[in-house]
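As a plain string of letters, each chain reads:
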Amino acid sequence: MIEVRGLTKSYGSKKAVDNISFTAEDGQVLGFLGPNGAGKSTTMNILTGYISSTEGQALINGVDILEDPIKAKSFIGYLPEMPPLYFDMTVNEYLDFVYSLKKCKLPKKSHLNEICEIVKLEDVRKRLIKNLSKGYKQRVGFAQALVGNPKVLILDEPTVGLDPKQIIEIRTLIKRLGRNHTVILSSHILPEVQAVCDRIVVINKGRIVANDNADSLARNLSADHKLVMQIDGASEEISKLLSSVPDVERVFVGRQIDEKVWEYHIEAKEGTDIRRDIFRKLASRNYPILMMKSNELSLEEVFLKLTTGDEYGGAEKTAERFDLLEKGGDK
Amino acid sequence: MGAILKREFSAYFRSPIGYVFIAISFLFSGAFFWLFTLSVGGTDVSMVFLGMFYVYMVFVPVLTMRLMADENKMRTDQLLLTAPIGLMKLVFGKFLAAYIVFMLGDIVMLSYGVVLGCFVTVNWALILGNFTALALIGGVFVSAGLFISSLTESQMVAAVGSIGVNVALALINVVASVIPVKFISDILKDISVFDRYSEFTTGIFSLGGVVFFLSVIAVFLFVTVRVLERRRWA
């Protein structure tokens, strides 16, 4: 379990992390979502005791990372943004080193075998780390974090640099580990956090802009009311037809795909799902739908939504919103 | 600490550095032994040891330059500093690894005494005094190099900086002799590494000297720990 209370890290007058608080329970995967430079890595470095906070407290299983760092660190497995690998060692030598560095008490051979099996490193264990591909290096970094079976796993962008198949594997692995560990992972990819995490903390410019469980956040962020479609048929007629669907507010005709195919951008009232109505309407007139997808929110739109949307309203949010908008306007 | 010591020590022999350092030790000490002792038909090995003092002043930094600088550059310090291990143990493990490699090169000096002993009676007090002095000054060079290495990400900067520090340490007595203020020059003479070193080379085993060198080593290790600690607060 991790408790963070009022954590602040200042570099001179700049605040990299500004008064953030959250809690990650046992058996929970907490996602840390934010754009580059939001303060994700800084927060993780504070949690793992690599750097200290200017203000505030971070408790790992109830142990303050500043007061008893060695005990607190013994609960943590950490995969930094850049996996901390010694390129002159083989995977086996490296894991041996980490094993004794962490003063691990588990039976060495079977423990390391198990880890290598979990992250699928069996084939490269005798190879020099320097000669491994980026994906494998990332896995060695992951394996390193798992040594000693720590109660808390802190993973800084664990899927960066992996191919799609590996990403799915790692996500499944994190979900599995999340059942009996506390996992905090950071990412700047919204769908990734949605796919893996139970709870999502959205952070921007060092501040928490949302802290909610994944389902309700996803519901709030879903954009089923904004659709992109490709429909076969005369554009004028179709756009009229689309406009006549209940709740539809705006229809734009986009680029022409083919001789008789156009792309359409449809916006409906927020919180409505118009996909079925549209299908029925077009089907009744025999217009084939070639493509229909929700217009996914980009991270920027998410922030805009979170910081201006009324569902997260209230006095404190409004204060934050003005601050963010001001900062955003500087660019 | 054992883990750090083992990794650092084996790292020296995974790269050429460990071999090169030992080869340099053997080469220079052998050459000096021939030049200053054998070729003149003497039994005095003090010049051989003095020569090695200067060789180590320049080449120990080659041994210590990557100790922390490489960790800083490759971000592996994140692994070490987030592991459940105290900073003192971390620093001491690194120091010990480099010091053992240094001693592997240094130990050959004793064999010259043995070689001489086959032909003439040698003054072992003198040889052991010189050997102790070199072993202690080696510790000072290693700890100074470790400290400088912790300040930078570049091995090159670490090496050049350490050589500078070593030269400065060796020159304290020269500075002391040109400073006209007696009070200051007395203090400088008291902390002069070279004067302490010379004391041993006359065959006098001075406990004060041993304590002095061990203190200097302790100070460098301590400030290294502070550097690592400070980085957390920066």
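Residues numbered from 1 in each chain as written. Chains lettered and ligands numbered in written order. Predicted model: local features only at pLDDT ≥ 70, side-chain atom pairs only at ≥ 80, totals over all residues.

(A) Local environment of the overall build of chain B. Along its length, chain B carries 13 helices and zero strands. The secondary structure elements of chain B, listed N-terminal to C-terminal, are α-α-α-α-α-α-α-α-α-α-α-α-α. Taken over the C-alpha atoms alone, chain B extends approximately 55 × 50 × 30 Å along its principal axes. Considering only residue pairs separated by 6 or more positions, chain B has 75% of its internal contacts joining residues 24 or more positions apart. (Helix = DSSP H or I, 4+ residues; strand = E, 2+ residues; numbered from the N terminus. Contact = placed C-beta atoms within 7 Å.)

(B) Fine view of the interface of chain A and chain B. At the junction of the two partners, chain A supplies 22 residues and chain B supplies 18 residues. Here the side of chain A that touches chain B takes three residues from helix H3 (residues 91–101) of chain A, the largest share from any one element.

(C) Summary view of the sheet that holds strand S3 (residues 29–33) of chain A. All names here are of chain A. Pairing is mixed in the open sheet, where six strands are placed in the order S6-S7-S8-S3-S9-S10. Two strands lie at the open edges of the sheet, namely strand S6 (76–79) and strand S10 (207–213), each paired on one side alone. Each strand of the sheet is rotated relative to its neighbour by a mean of 15°, with strand direction disregarded. Pairing of strand S9 (residues 199–204) with S10 involves six bridges; the strand directions are antiparallel. By the bridge assignment for S10, Arg 199 is matched with Asn 213. Lying on the sheet, helix H5 (residues 134–146) is in contact with S6 and strand S7 (152–156); it crosses S6 at an angle near 170°. Sitting on the sheet, helix H6 (residues 164–178) is in contact with S3, S7 and strand S8 (182–187), with an inclination near 150° to S8. (Pairing = 2+ DSSP bridges. Axes fitted to C-alpha atoms, helices over the stretch in contact; angles between N-to-C directions.)

(D) Layout of the sheet that holds strand S5 (residues 63–64) of chain A. Residues and elements named next belong to chain A. Judged by pairing direction, the sheet is antiparallel, and its four strands sit side by side in the order S2-S1-S4-S5 without closing on themselves. A strand with exactly one partner marks an edge of an open sheet, and here the two such strands are strand S2 (14–24) and S5. With seven bridges connecting them, strand S1 (residues 2–11) and S2 associate as antiparallel partners. Bridge assignment links Glu 3 to a residue of S2, and that residue is Thr 23. Packed on one face of the sheet, helix H1 (residues 40–47) meets S1, S2 and strand S4 (55–60) and runs near 115° to S1.

(E) Focus on the pairing of strand S12 (residues 248–256) of chain A. All names here are of chain A. For S12 and strand S13 (residues 261–268), the ladder comprises six bridges, and the chain directions are antiparallel. Bridge pairing in S13 links Val 248 to Ala 268. Where S12 hands over to S13, the hairpin turn is made up of four residues, counted between the paired strands.

(F) Looking closely at the environment of A:Ile2. Residue and element names in this part refer to chain A. Here Ile 2 is to be found in strand S1. Given 25 C-beta atoms within a 10 Å radius, Ile 2 is considered buried. Residues Ile 2 and Thr 182 lie 180 residues apart in sequence; the distance between their C-alpha atoms is 7.7 Å. The residues touching Ile 2, leaving out its near neighbours within four places in the chain, are Thr 23, Ala 24, Leu 47, Leu 59, Ile 60, Val 152, Thr 182 and Ile 184. (Buried ≥ 20, exposed ≤ 12 C-beta atoms within 10 Å, placed from the backbone.)

(G) Main features of the environment of A:Ser235. Residue and element names in this part refer to chain A. Examined against the element boundaries, Ser 235 turns out to sit in helix H9 (residues 235–243). Judged by local crowding, Ser 235 falls into the partly exposed class, with 16 C-beta atoms found within 10 Å. Put simply, Ser 235 and Pro 246 are eleven residues apart on the chain and 19 Å apart in space, counted from C-alpha to C-alpha. Those residues in contact with Ser 235 that sit more than four places away from it in its chain are Val 253 and Trp 262.

(H) Seen up close, the packing of helix H8 (residues 124–150) of chain B against helix H13 (residues 207–233) of chain B. Residue and element names in this part refer to chain B. Viewed as axis vectors pointing N to C, H8 and H13 meet at an angle of 15°, and their least axial separation amounts to 9 Å. When the axis of H8 is compared with that of H13, the two are roughly parallel. The element H8 and its partner H13 pack so that their crossing is left-handed. Residues Leu 136, Ile 137, Gly 139, Val 140, Ser 143, Ala 144, Leu 146, Phe 147 and Ser 150 of H8 touch H13, and the partners they reach there are Val 210, Phe 213, Val 216, Ile 217, Phe 220, Leu 221, Val 223, Thr 224, Val 227 and Leu 228. Residues belonging to the contact of H8 with H13 are distributed by class as follows: 15 nonpolar, four polar and no charged. (Parallel < 35°, antiparallel > 145°, perpendicular 65-115°, else oblique. Left-handed = near helix turned anticlockwise from the far one by under 90°. Nonpolar A, V, L, I, M, F, W, Y, C, P; charged D, E, K, R; others polar.)

(I) Up close: helix H4 (residues 108–118) of chain A. Residues and elements named next belong to chain A. Listed in full, the buried residues belonging to H4 are Leu 112, Ile 115 and Cys 116. End-on, the buried residues of H4 take up no more than an arc of 95°, which puts them together on one face. Projecting away from the buried face of H4 at angles above 90 degrees are the exposed residues Ser 110 and Glu 117. Count one or two residues on from H4 and you reach Lys 120, which has phi positive near 60°. (Arc of directions from axis to C-beta.)

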